[in-house]
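So you can see what is in the structure, the chains are spelled out below.
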Amino acid sequence: MMQINNLRPLRGEGRKLFIETYGCQMNVGDSEIVLSILQEEGYRYTEEINEADVILINTCSIRDNAEQRIWGRLSEMRRLRRAKPSLVIGVIGCMAERLKEQLIEGEYGVDIVAGPDSYRSLPQLLRKAEEGGKGINVELSREETYADIAPVRLDKNGVTAYIAIMRGCNNYCSYCVVPYTRGIERSRNPQSILREARQLFENGYREVTLLGQNVNSYKFEDVDFADLMAMTAAISPELRVRFATSHPKDLSDKLLDTMAQHHNICRCIHLPAQSGSNVMLAKMNRKYTREWYLERINAIRKRMPDCSITTDIIVGFCDESEDDFRQTVSLMEEVGYEFAYMFKYSERPNTFSARHFADNIDEETKGRRLAEIIELQNELSLRSNQRDVGKEFEILIEGTSRRSEEQVFGRTSQNKVVIIARKEHQKGDYVRVRITSASSATLFGEEIE
Ligand code: 5AD
Ligand code: SF4
């Protein structure tokens with residue numbers, strides 16, 4: 001029989017691929033996997049959208065405004081296609097999963113729709129589109145972790161990198177679309193994670209962030225998240241390890257003890273509270289109370305007094321009263337977060353809260369509450385930064401400061417940005433610094449000679 005496979009030309013045949021990524025770090029990681037799959041197929045990456053033969057938009061559905069931005073982009077793409085009729089346009093990621101055929105059938109006439117678990121089928125989907133058809137695959141998987149695919153780094157400073165260690169989410173917070181768009185939780189084989197981390201270290205990277213929607217529930221056979229962190233930290237004392245994001249309910253003492261035992265596991269925990277009100281927390285299906293959350297904060301502080309704590313907050317969730325909101329304000333003050341991502345509640349179709357509760361806090365109230373906590377957080381961040389003035393830290397240099405060629409910036413273990421004079425410092429160097437002044441966003445320091 002003829003060996004057809006050997007004769008098969010590369011399907012991409014040097015065609016140029018442009019990828020635009022929206023949303024979270026998981027999406028950035030996914031774009032890197034997509035690029036790896038398609039380079040293997042003969043496509044070439046371009047940073048010039050006007051040169052592209054194929055444009056893929058990796059999308060986010062977490063809030064309505066994220067989707068609105070992408071609709072805007074899609075209508076701009078229509079203009080590109082008018083100029084170049086052979087152009088293939090694909091929507092991948094969470095919005096692809098959520099809207100499915102609607103994207104192909106609608107006025108935007110997208111050629112390809114691929115959900116987060118179907119990137120291995122992109123070569124076939126592209127072939128269909130290039131032959132004038134439409135390609136769609138939005139099947140979710142119980143197993144897919146892309147463990148064997150080496151991501152092609154897009155987000156490269158050559159010093160810090162993200163490693164996806166798990167996919168999906170089983171928590172079903174009532175407001176959240178993620179379990180529907182990214183499917184059920186599954187963990188990636190630890191050996192493939194360690195191989196990737198080691199490879200990065202050998203290539204000069206000095207910091208990895210282990211990434212997942214809910215990393216502390218990582219479990220692969222008998223390896224749990226604390227074990228995985230210890231194994232990653234053991235690669236080299238020169239390799240910093242971070243993680244994101246943790247769910248408070250899964251933040252174990254074992255993990256905190258592991259962090260405390262390794263100086264290269266960074267002193268920074270992102271612990272989304274979402275609300276300070278027990279009524280809201282129950283309604284959000286967060287599975288913890290304010291008191292329980294504060295106990296976890298104490299558990300962190302007891303072991304690592306210098307650990308920074310950051311959070312996500314939602315205001316204006318269904319039925320949120322003025323008193324519920326005040327409790328969020330007081331939680332933020334009590335914890336004294338270093339940093340927070342803050343959002344107005346945005347109803348997502350088909351989530352539990354969309355099906356069962358009314359989105360009944362008016363826009364003006366949502367806006368007022370959001371503005372109040374943003375102002376509070378600025379104050380908290382400034383206070384926290386001012387407390388650092390005079391203290392010493394080790395920072396990892398990431399690159400040139402945006403303000404001046406004469407300055408470089410790096411981060412402390414607590415994930416705060418410090419700006420220092422350039423001198424001989426290179427990306428990837430560790431430098432001991434003393435903080436000399438602070439704003440709410442940045443620390444300024446000097447090297448300790
Ligand atoms: N509306 C507003 N914010 C949301 N988040 C998740 N879903 C929604 C929603 N429907 C926020 C949560 C989460 C972060 C990633 O996005 O705070 O932690
Ligand atoms: Fe969404 Fe909750 Fe899962 Fe985070 S933990 S992705 S907020 S369902």
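Residues numbered from 1 in each chain as written. Chains lettered and ligands numbered in written order. Predicted model: local features only at pLDDT ≥ 70, side-chain atom pairs only at ≥ 80, totals over all residues. Heavy atoms only, no water.

**Regarding the packing of helix α2 (residues 25-40) against helix α6 (residues 122-130)**
Note the cut-off: To get an axis, a line is fitted to the C-alpha atoms, and for a helix only the part in contact is used. The angle between two axes follows their N-to-C directions and goes from 0 to 180 degrees. Helix and strand assignments follow DSSP, with helices taken as H or I runs no shorter than four residues and strands as E runs no shorter than two, numbered in order from the N terminus. Roughly parallel means an angle under 35 degrees; roughly antiparallel means over 145; roughly perpendicular covers 65 to 115; every other angle is labelled oblique. In this analysis, two residues are considered to be in contact whenever any of their non-hydrogen atoms come within 4.5 Å of each other.
Closest axis-to-axis distance for the α2/α6 pair is 10 Å, and the angle between their directions is 65°. Between α2 and α6, the crossing angle belongs to the class labelled roughly perpendicular. Seen from α2, the contacting residues are Val34, Ile37 and Leu38; seen from α6, they are Leu122, Pro123 and Leu126.

**Some thoughts on the nonpolar core**
Note the cut-off: For the purposes of this section, nonpolar cores are sets of buried Ala, Val, Leu, Ile, Met, Phe, Trp, Tyr and Cys residues that join through side-chain atoms within 4.5 Å. The classification of residues rests on relative accessible area computed with a 1.4 Å probe and restricted to protein chains. Under 20% of the type maximum is buried, over 50% is exposed, and intermediate values are partly exposed. All domain edges in this entry derive from an automatic or database-based domain assignment.
Ranked by size, the top nonpolar core spans 54 residues in total, and within it Ile165, Leu210, Phe225 and Ile269 carry the most contacts. When residues of this core are sorted by domain, at least three fall in each of domain 2 (157-266) and domain 3 (295-383). In this structure, leucine 210 is in contact with Ile163, Ile165, Ile193, Val215, Phe225, Leu228, Met229, Thr232, Val241, Arg242, Phe243 and Ala244, ignoring residues within four places of it in sequence.

**Examining the confidence of the model for the chain**
Where we set the bar: pLDDT runs from 0 to 100 and stands for how confident the predictor is about each residue.
Per-residue confidence for the chain gives a mean pLDDT of 95, with 98% of residues at or over 70. Counting contacts from residues 1-9, a segment whose pLDDT is below 50, to residues more than four positions away or on other chains yields 3 contacts.

**Digging into the domain arrangement of the chain**
How we decide: When two components associate, each loses some accessible surface as probed by a 1.4 Å sphere; the sum of these losses over both components is called the buried area.
When its domains are assigned, the chain resolves into domain 1 (9-137), domain 2 (157-266), domain 3 (295-383) and domain 4 (392-447). Computed from C-alpha coordinates alone, the two centres of domain 3 and domain 4 are separated by 30 Å. Each partner contributes residues to the interface: domain 3 has 6 residues there, and domain 4 has 5 residues. Between domain 3 and domain 4, a total of about 430 Å² is buried, with carbon and sulfur atoms accounting for 50% of that surface.

**Describing the site of ligand 1**
Put simply, the rule reads: Residues are labelled near a given molecule or strand when at least one of their non-hydrogen atoms is within 4 Å of it. Whenever two N or O atoms come within 3.5 Å, that pair is a polar contact, provided that in protein one can donate a hydrogen and the other can accept it, and provided that, for residues adjacent in sequence, both atoms are side-chain atoms. In this count, Pro and Cys sit with the nonpolar residues alongside Ala, Val, Leu, Ile, Met, Phe, Trp and Tyr, while Asp, Glu, Lys and Arg are called charged and the others, Gly among them, polar.
What surrounds ligand 1 is the set Ile62, Arg63, Tyr175, Gln274, Asp312, Ile314, Phe343, Lys344, Tyr345, Ser346 and Arg348. For ligand 1, an oxygen atom lies 2.7 Å from a polar atom in the side chain of glutamine 274. Elements supplying a minimum of two residues to the shell around ligand 1: β15 (308-315) and β16 (339-344). For the shell around ligand 1, the per-class residue count stands at 5 nonpolar, 2 polar and 4 charged.

**Structural notes on helix α13 (residues 322-335)**
For clarity, the threshold we go by: Expected helix span is taken as 1.5 Å per residue step, with the number of steps being one fewer than the number of residues.
For α13, spanning 14 residues, the distance from its first C-alpha to its last is 20 Å, which sits close to the expected 20 Å at 1.5 Å a residue. For α13, the elements touching its buried residues are α11 (278-283), α12 (290-303), β15, β16 and α15 (363-388). At the C-terminal side of α13, glycine 336 shows a positive phi close to 65°.

**Structural notes on the packing of aromatic side chains**
Note the cut-off: Only rings of Phe, Tyr and Trp enter the pairing, Trp through its six-membered ring, and a pair is recorded when the two centres are within 6.5 Å. The plane angle decides the type: under 30 degrees is stacked, over 60 is edge-to-face, the rest tilted. In this scheme, Lys NZ or Arg CZ marks a charge over a ring once it lies within 6 Å of the ring centre and within 35 degrees of the ring normal.
As enumerated under the stated definition, the model contains 10 aromatic pairs in all. Seen from their ring centres, tyrosine 172 and tyrosine 180 are 5.6 Å apart, and the 80° between their planes marks the pair as edge-to-face. Take tyrosine 172: its relative accessible area is 35%, and that puts it in the partly exposed class. Ring centres of phenylalanine 352 and phenylalanine 357 lie 5.8 Å apart, and the angle between their planes is 70°; this geometry places the pair in the edge-to-face category. On the accessibility criterion, phenylalanine 352 (39% relative accessible area) is partly exposed. Through a chain of ring-to-ring contacts, the aromatic side chains of Tyr175, Phe317, Tyr345, Phe352 and Phe357 assemble into a single cluster. For the cation-ring pair, lysine 283 lies above phenylalanine 357, with the distance from its terminal atom to the ring centre recorded as 4.4 Å. Over the face of the ring belonging to tryptophan 292 we find arginine 296, whose NZ or CZ atom lies 5.9 Å from the ring centre.

**Some words on the environment of serine 236**
You can see serine 236 is positioned in the loop between α9 (225-233) and β13 (240-244). Given the relative accessible area of 7%, serine 236 is considered buried. Put simply, serine 236 and lysine 344 are 108 residues apart on the chain and 41 Å apart in space, counted from C-alpha to C-alpha. Dropping the residues within four chain positions of it, serine 236 is found in contact with Phe201 and Asn264.

**Here we look at the side chain of glutamine 274**
As for its placement among the helices and strands, glutamine 274 is situated in the loop between β14 (268-270) and α11. Classification of glutamine 274 as buried rests on a relative accessible area of 8%. Apart from residues no more than four positions distant in its own chain, glutamine 274 is found in contact with Tyr175, Met284, Arg286, Tyr288, Asp312, Ile313 and Ile314.

**Things to note about the sheet that holds β13**
What counts is decided by this rule: Any two strands are treated as partners once DSSP identifies two or more bridges connecting them.
If you walk across this open sheet you meet the 3 strands as β7-β10-β13, and the pairing is parallel. Of all strands in the sheet, those bounded by a partner on one side alone are β7 (160-164) and β13. Strand-to-strand twist of the sheet, defined as the mean angle between neighbouring strand axes without regard to direction, takes the value 25°. Note that β7 and strand β10 (residues 207-211) share 5 bridges and pair parallel. The residue of β10 that forms the bridge with alanine 161 is valine 208.

**Details of the sheet that holds strand β21 (residues 443-447)**
Strand order in the closed barrel formed by 5 strands is β17-β18-β19-β21-β20, and the pairing between neighbours is mixed. Shown here is a sheet whose adjacent strand axes are inclined to one another by a mean of 55°, direction ignored. Packed onto the sheet, α15 meets β17 (392-400), β20 (430-438) and β21 and runs at close to 120° relative to β20.

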